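Take a look at the letters that make up each chain.
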Amino acid sequence: MIEYKSEQEIELIRESSLLVAKTLGEVAKNIRPGIKTIELDKLAEEFIRDNGAVPGFKGYHGFNGTLCISPNEQVVHGIPGDREIKEGDIVSIDCGVLKNGFYGDCAYTFAIGEIDEATRRLLHVTYQCLLLGIEKAVEGNTLGDISSAIQEHAEKAGYGVVRELVGHGLGRNLHEPPEVPNYGKSGKGLRLRQGLVIAIEPMINLGKRFVMQEKDGWTIRTSDRKPSAHYEHTIAVCKDKADVLSSFSYIQEALKLNKYNTLIIE
Ligand code: MG
Ligand code: MG
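Residues numbered from 1 in each chain as written. Chains lettered and ligands numbered in written order. Predicted model: local features only at pLDDT ≥ 70, side-chain atom pairs only at ≥ 80, totals over all residues. Heavy atoms only, no water.

Undergrad: Would you take a moment to explain the coordination of the magnesium ion (ligand 1) for this structure?
TA: Each angle at a metal carrying four tetrahedral donors should ideally be 109.5 degrees, and each at a metal carrying six octahedral donors should ideally be 90 or 180 degrees. Taken together, Asp 94 (OD), Asp 94 (OD), Asp 105 (OD) and Glu 232 (OE) make up the protein donors of the magnesium ion (ligand 1), found 2.0 to 2.5 Å from the metal. Each donor residue of the magnesium ion (ligand 1) lies on the same chain, and together they follow the pattern D-x10-D-x126-E. (Donors = N, O, S within 2.8 Å, 3.2 Å for Na, K, Ca; no water.)

Below is the structure:
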């Protein structure tokens, strides 16, 4: 059953979502060639706990990281570890927190130094997919309007849209109904109304849409090993314009000062 949120609950989800955004801002200050993904995970966990919250992913179905860190051909759910980030990588980083009983969820794909032109375009188009999806998240539209806006934009660019993983409702739980697929038909599915809080999160592949799970039981990667990008915001459906509860502004401010990041997506 879908739980529609009160204004007060939405403010609490905003607080959690902004803490996720600020945590990703801390990641953005520190991401560079040579840093191990576990080091980014540690600083994120410390920042979240210093701000009176707990990491939302840690312990979730046994996941042991604060961040999901998924470089290059990894789509989502990459486990932080000893892998070092390299010049030319793209790195999708997903983070959730739990504060005051409510979750926030947000993800961003970073470009480390110079990346090739095809991958740069993938990041831009995936980010545009997120914005186009958010644009449709207004009262009276349907979930299918969000899904089809994302799918059409990605496929028009020649990319594969991941089907196996989807956006979701959230609030007192990290994942709640409804599912928010990145593919679908406009006009179909749940009619949107005020109080619906969802994470919209296109996962778009440079190559084919197919993905598989690594033997670690978590990491999802593209079957053809071509790169994949992922951007995610937590939003509340409103009458005229979706209320974006998370933010990329902390990331973007930090990237302006990070000499290893040449790409700021705005
Ligand atoms: Mg997420
Ligand atoms: Mg999510």
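And the narrative resumes.
Undergrad: Whenever I open this one, the packing of helix H1 (residues 7-30) against helix H5 (residues 249-256) confuses me. Can you help?
TA: A pair of packed helices can be characterised by two numbers: the angle between their axes and the separation between those axes. Where H1 meets H5, the axes come as close as 7 Å, and the angle between the chain directions of the two elements is 15 degrees. Here H1 lies roughly parallel to H5, going by the angle between them. For the pair H1 and H5, the sense of crossing is right-handed. Contacts from Leu 18, Ala 21, Lys 22, Leu 24, Gly 25, Ala 28 and Lys 29 in H1 reach Tyr 250, Ile 251, Ala 254 and Leu 255 in H5. In the contact of H1 with H5, the residues fall into eight nonpolar, one polar and two charged. (Axes fitted to C-alpha atoms, helices over the stretch in contact; angles between N-to-C directions. Helix = DSSP H or I, 4+ residues; strand = E, 2+ residues; numbered from the N terminus. Parallel < 35°, antiparallel > 145°, perpendicular 65-115°, else oblique. Left-handed = near helix turned anticlockwise from the far one by under 90°. Contact = heavy atoms within 4.5 Å. Nonpolar A, V, L, I, M, F, W, Y, C, P; charged D, E, K, R; others polar.)

Undergrad: Looking at this structure, how should I read the layout of surface pockets?
TA: Rolled over the atoms, a probe with the dimensions of a water molecule shows which regions are left empty. Here the largest pocket defines a volume of roughly 420 Å³. Around the largest pocket sit 24 residues that line it, and His 77, Val 166, His 168, His 175 and Glu 201 are the ones nearest its centre. It is strand S8 (residues 176-180) that contributes the most residues to the lining of the largest pocket, four residues altogether. Along the lines of polarity and charge, the residues of the lining of the largest pocket split into 12 nonpolar, five polar and seven charged. (1 Å grid on protein atoms, 1.4 Å probe; cavity = no way out; pocket = protein on both sides within 12 Å on 5 of 7 lines; lining within 4 Å. Points joined across faces, edges and corners; volume = space filled by probe spheres on them.)

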